[in-house]
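Per-entry structural report
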Amino acid sequence: MTISSPISRGRIGEVALYFLRLGLLGFGGPVALVGQMERELVADRKWLTKEQMREAIAVCQSLPGPLAIQVGIYVSYLRVGFWGAWAGGWAFILPNFVIVAALGALYVHLGDLPAVTAVFYGVSPAVIALILHSCYRLAKLGMEDRLQWALAVACLVVTVILRAEVALLFIGAGIVGILYYGSLFRRLPPAAAPALAAPILAQLAPVASGSTLGKLLLFFLKAGSLTFGSGLVIVPFLQKGLVQEYGWLDERQFLIAVAIGMISPGPVVITATFVGYLVAGFWGSLVSTIGIFLPSFLLVLVAAPLLARHRGNTNVQGFIKGAYAAAIGTILGACVLLGRIAIGDWLTVAIGVASLAVLFRWKVSNPLLIATTAVVGLITFPLLHPTWVMIK
């Protein structure tokens, strides 16, 4: 069964209500959210079969974008059709938007307080540890051979030394993947077009002129089309665009935005909502949220039918493998760049190392780790008075 053949019809209201609840209470990352959907929608509610759920996961893993949101859109389509997919997907996103936009408003009004600087002091090295731990898990999941590791190392070096355009790294690595894993001397088949079209078209975004809201929309449309492998891919992309290119955020604000994205329910890419609020208030958060998630809807509803039929194509798989390797490399490169800002004395080194040890030894939730290190920062910052910590 493919996405082009809806089955088991239901009501849009019940689908929207289910994903509204899941978006509000769904902590634990994309794997946990997808697992919860499988338990509740296959075993309990019987909205779709186990085979259909597996196909949904397989197809969405082949697309750029946040996995859990895309599986939710796919499932909504199967249950209630085209418009139901839009209703279910935005219902899934809405609670995260409200929570993160509210946190953005609080930060705008309270960010100058010394307590916020103290929290930043303790939380920042923990954020680096969280990203490194997630990157390790991603590498175990999708890095299969020496070529992928070579591409990852190359992207890491280029990200740190040249700070090159992340989109170009993804496209370049994807092309190398096509040449190595796919059919070397044959034309790229039409089935591969959906995987390449969004990143290539997104290259036009930075040169567009217009208001700040227009620039935010274009920037996050581009970001939403490039999150191959994990939502964490947005970290190097945002670090390059928001901090280095546009100058909308400083390094401190950027790290706090990443922390907010990692502790809130839903995908890490909800960071876009927080960033949008810092740049242009409520309307900035709304536009940024639409921009980061809109490619997921378009890809699931337009590109997914083709991938459902042709996802075994060697050229498609080659591009995905190459882009996945680029994701690992750029995430690690962003960790190096952000680590220079987050870690500056013996205590932040200790917090970073201890956070990594806890994450590898125990299954500690992101919110708990962030809350603990925030308390450490609040206690130790007034005692140590670290002058290297950036003040807003």
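Residues numbered from 1 in each chain as written. Predicted model: local features only at pLDDT ≥ 70, side-chain atom pairs only at ≥ 80, totals over all residues. Heavy atoms only, no water.

With respect to helix α13 (residues 314-342)
When the terminal C-alpha atoms of α13 are compared, their 41 Å separation across 29 residues agrees well with the 42 Å that a helix rising 1.5 Å per residue should span. Burial analysis of α13 places 23 of its 29 residues in the buried class, which makes it a mostly covered element. (Helix = DSSP H or I, 4+ residues; strand = E, 2+ residues; numbered from the N terminus. Expected span 1.5 Å × (residues − 1). Buried < 20%, exposed > 50% of the residue type's maximum accessible area, 1.4 Å probe, protein only.)

Description of the packing of helix α5 (residues 114-142) against helix α15 (residues 366-384)
Axis separation between α5 and α15 bottoms out at 7 Å; the angle between their running directions is 135°. Overall, the two elements α5 and α15 adopt an arrangement that is oblique. Considering only the axes of α5 and α15, their crossing is right-handed. Counting all contacts with α5, which are made through Ala115, Thr117, Ala118, Val119, Tyr121, Gly122, Val123, Ala126, Val127 and Leu130, the residues of α15 involved are Asn366, Leu369, Ile370, Thr373, Ala374, Gly377, Leu378, Thr380, Phe381 and Leu384. Within the contact of α5 with α15, the residues separate by chemical class into 14 nonpolar, six polar and no charged. (Axes fitted to C-alpha atoms, helices over the stretch in contact; angles between N-to-C directions. Parallel < 35°, antiparallel > 145°, perpendicular 65-115°, else oblique. Left-handed = near helix turned anticlockwise from the far one by under 90°. Contact = heavy atoms within 4.5 Å. Nonpolar A, V, L, I, M, F, W, Y, C, P; charged D, E, K, R; others polar.)

Considerations on the state of the cysteines
Following the criterion strictly, the structure yields zero disulfides and no others. Summary of cysteine pairing: cysteine 135 is not part of a disulfide, and the nearest cysteine sulfur, belonging to cysteine 335, is at 6.6 Å. Cysteine 135 sits in the buried class, given a relative accessible area of 3%. (Disulfide = S-S within 2.5 Å.)

Quick word on the environment of glycine 172
With respect to the helices, strands and loops of the structure, glycine 172 is situated in helix α7 (residues 166-181). With 147 residues separating them along the chain, glycine 172 and phenylalanine 319 place their C-alpha atoms 9.3 Å apart.

Here we look at the nonpolar core
In terms of nonpolar packing, the biggest core is built from 115 residues, with Phe19, Met37, Met53, Val71, Val127 and Phe220 touching the most fellow members. Examining the composition of this core, we find that 17 residues originate from one element, helix α4 (residues 67-110), more than from any other. Leaving out residues up to four positions away in the same chain, methionine 53 has contacts with Val34, Met37, Glu38, Val42, Leu48, Val71 and Val75. (Core = buried A, V, L, I, M, F, W, Y, C linked by side-chain atoms within 4.5 Å.)

Some remarks on the layout of surface pockets
Gaps between atoms show up when a probe of the same size as a water molecule is rolled over them. Counted as a void, the second largest pocket has a volume near 470 Å³. Surrounding the second largest pocket, 22 residues form its lining, Tyr107, Val116, Val119, Ile256 and Ile260 being those nearest its centre. Going through the elements one at a time, α4, α5, α11 (251-263) and α15 are the ones with two or more residues in the lining of the second largest pocket. Examining the composition of the lining of the second largest pocket, we find that seven residues originate from one element, α5, more than from any other. In terms of residue class, the lining of the second largest pocket is made up of 21 nonpolar, one polar and no charged. (1 Å grid on protein atoms, 1.4 Å probe; cavity = no way out; pocket = protein on both sides within 12 Å on 5 of 7 lines; lining within 4 Å. Points joined across faces, edges and corners; volume = space filled by probe spheres on them.)

A few points about the packing of α5 against α11
Where α5 meets α11, the closest approach of the two axes is 9 Å, and the angle between their N-to-C directions is 60°. With respect to α11, the element α5 is oriented oblique. The hand of the α5/α11 crossing is left-handed. On α11, the residues touching Val116, Thr117, Phe120, Val123, Ser124, Val127, Ile128, Leu130, Ile131 and Ser134 of α5 are Arg252, Leu255, Ile256, Val258, Ala259 and Met262.

Details of the side chain of glutamate 40
Along the chain, glutamate 40 falls in helix α2 (residues 29-44). With a relative accessible area of 16%, glutamate 40 lands in the buried category. Reaching out from glutamate 40, the side chain makes a polar contact with the side chain of tyrosine 18 at a distance of 2.6 Å. (Polar contact = N/O pair within 3.5 Å; in protein donor to acceptor, adjacent residues only side chain to side chain.)

Remarks on unusual backbone geometry
Although it is not a glycine, lysine 46 adopts a positive phi angle of roughly 55°. Here lysine 46 lies in the loop between α2 and α3 (50-61). Residues other than glycine seldom take positive phi values, yet histidine 385 does so here, at roughly 50°. Relative to the helices and strands, histidine 385 is located in the segment after α15. Residue classification places histidine 385 among the exposed residues on the basis of a relative accessible area of 56%.

Side note on the pattern of salt bridges
A side chain of one charge can pair with a side chain of the opposite charge if their charged atoms are brought near each other. With the rule as written, the count across this model stands at three salt bridges. With a shortest N-O distance of 3.0 Å, arginine 79 and glutamate 14 are connected by a salt bridge. With arginine 79 in helix α4 and glutamate 14 in helix α1 (residues 12-25), this pair connects stretches of sequence that are 65 residues apart. Residue arginine 79 is classed as buried on the basis of its relative accessible area of 11%. (Salt bridge = Lys/Arg side-chain N within 4 Å of Asp/Glu carboxyl O.)

Observations concerning the confidence of the model for the protein chain
Predicted coordinates in areas of low pLDDT are best not read in detail. When pLDDT is averaged along the protein chain, the result is 81; 84% of the residues meet or exceed 70. Per-element confidence in the protein chain is highest for helix α14 (residues 346-361), whose mean pLDDT is 94, and lowest for helix α8 (residues 193-202), whose mean pLDDT is 39. Below a pLDDT of 50 lies the segment residues 1-6, which in the model reaches 20 contacts outside its immediate sequence neighbourhood of four places, other chains included. Contacts from residues 187-210, a stretch scored under 50 in pLDDT, to residues over four places away or in other chains number 35 contacts. (pLDDT = per-residue confidence, 0-100.)

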